[in-house]
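Coordinates in review
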Amino acid sequence: MQSILARLREDSSPPDILGLHGASTALLLSRAVEALQRPICCILPSDERLETLTQDISFFSAVRVLTYPSDEIPPYTPLSPDPATVCARLATLYRLQDNPGPCLILTSAEAVLRRILPASSLSHHCELVIAGDETDRDGLIASLIASGYQVCDMVRQEGDMALRGGIIDVYPPALDEDLAGPLRLDFFGDTVESIRLFDPLSQRSRQQLAEAVLLPASDLLFPPLAGKAAMLSALDAAAEQHGWPSDEHIALRERFATGQRFPGMEFLLPLLHGGRQGLQSLFDYLPPGTGLIVSEPVAINQRMRLVRERIQANHDEAVSRQTPALLPGDLFVSEAEYRGI
């Protein structure tokens, strides 16, 4: 183990490490972060390994572990990912911007292939609320709705928001596992009198907080008014380039213009940011100096090949049905880009 860690400290090409079995991967990762004192990103073949490896790491070390799963929906289908998965991804992306220090970032082969919203957009849609401070209540509600929160009678899952008089119940992505759960913001006029963490089942308060960061509940974030024209221009250009049916183009334009989200919109994400060039990848969010470990590279290559084949097949099928679809390269990191990381 000591010789491996010594090799990892060197600036030369990292070593190939063979013969890891069971929880030995978790032991190596935890010791590597402790020895190097910097973030390390580990790519796994599949999402199924994320939870198990996180538990194994906690047995060996108290090192902070951030997970970044895939959205688990087939490409080019009218489906949207589970809200909990979306929030987990957004929470990790935010924490990566917030100088996480030495930590482990666990992700999967499929997750790293997806192009994602730029860091500037994520930061723009975050809200800091502080107990005792004045906050425009109506403005906060409008901001949360624009950030993907759904107004309902009672919050039950991530992304829910309920309004009752001077109280806003909101279920944001969790930045700390110990503080995971919905929040109750109690307003007196425009003053936040209290922020309380509460149980969504019993509705009883669990803990009072001094402040809270409310992250977006969706990664489909429409640009501010100043960027609306660029968004619609990107949509019009894509419709003309790919020959989308006029009725589909008109329907999409209306939804984009009025800020309506819909299942499958994830595969039109570049249009919200002026095109592919406006997007980033997980690797763009990693702090400078982050180490990269590829676990089971043969299995990862096989998985990526299968994922890319499915992406292309689903794209071709969508085109044959005359369903609006962007090119795979607009939505996913190419093989050449991945190899160049």
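Residues numbered from 1 in each chain as written. Predicted model: local features only at pLDDT ≥ 70, side-chain atom pairs only at ≥ 80, totals over all residues. Heavy atoms only, no water.

**Quick notes on the packing of helix 2 (residues 24-36) against helix 3 (residues 48-60)**
Between two packed helices, both the angle of their axes relative to each other and the distance between the axes serve to describe the pair. One way to put it is that helix 2 packs onto helix 3 with a least axis distance of 8 Å and a crossing angle of 60°. On the basis of the axis angle, helix 2 is oblique to helix 3. Read as a crossing pair, helix 2 and helix 3 show a hand that is right-handed. Seen from helix 2, the contacting residues are Thr25, Ala26, Leu27, Leu29, Ser30 and Arg31; seen from helix 3, they are Leu53, Asp56, Ile57 and Phe60. Among the residues making up the contact of helix 2 with helix 3, the classes are represented as six nonpolar, two polar and two charged. (Axes fitted to C-alpha atoms, helices over the stretch in contact; angles between N-to-C directions. Helix = DSSP H or I, 4+ residues; strand = E, 2+ residues; numbered from the N terminus. Parallel < 35°, antiparallel > 145°, perpendicular 65-115°, else oblique. Left-handed = near helix turned anticlockwise from the far one by under 90°. Contact = heavy atoms within 4.5 Å. Nonpolar A, V, L, I, M, F, W, Y, C, P; charged D, E, K, R; others polar.)

**So, helix 9 (residues 246-258)**
Between its first and last C-alpha, helix 9 extends 18 Å over 13 residues, near the 18 Å set by a 1.5 Å rise per residue. Among all positions of helix 9, only His249, Leu252 and Phe256 are buried. The buried residues of helix 9 occupy one face: seen down the axis, they fall within an arc of 70°. Projecting away from the buried face of helix 9 at angles above 90 degrees are the exposed residues Asp247 and Ile250. Packed against the buried residues of helix 9 are helix 8 (228-242) and helix 10 (269-272). Gly259, located one to two residues past helix 9, shows a positive phi value of around 70°. (Expected span 1.5 Å × (residues − 1). Buried < 20%, exposed > 50% of the residue type's maximum accessible area, 1.4 Å probe, protein only. Arc of directions from axis to C-beta.)

**Quick word on the sheet that holds strand 5 (residues 150-151)**
As summarised here, the arrangement of the six strands in space is 5-6-7-8-9-10, forming an open sheet in which the pairing is mixed. Sheet topology places strand 5 and strand 10 (205-209) at the edges, where each strand pairs with a single neighbour. Pairing between strand 7 (residues 167-170) and strand 8 (residues 183-188): four bridges, direction antiparallel. Note on strand 8: the bridge partner recorded for Ile168 is Leu185. (Pairing = 2+ DSSP bridges.)

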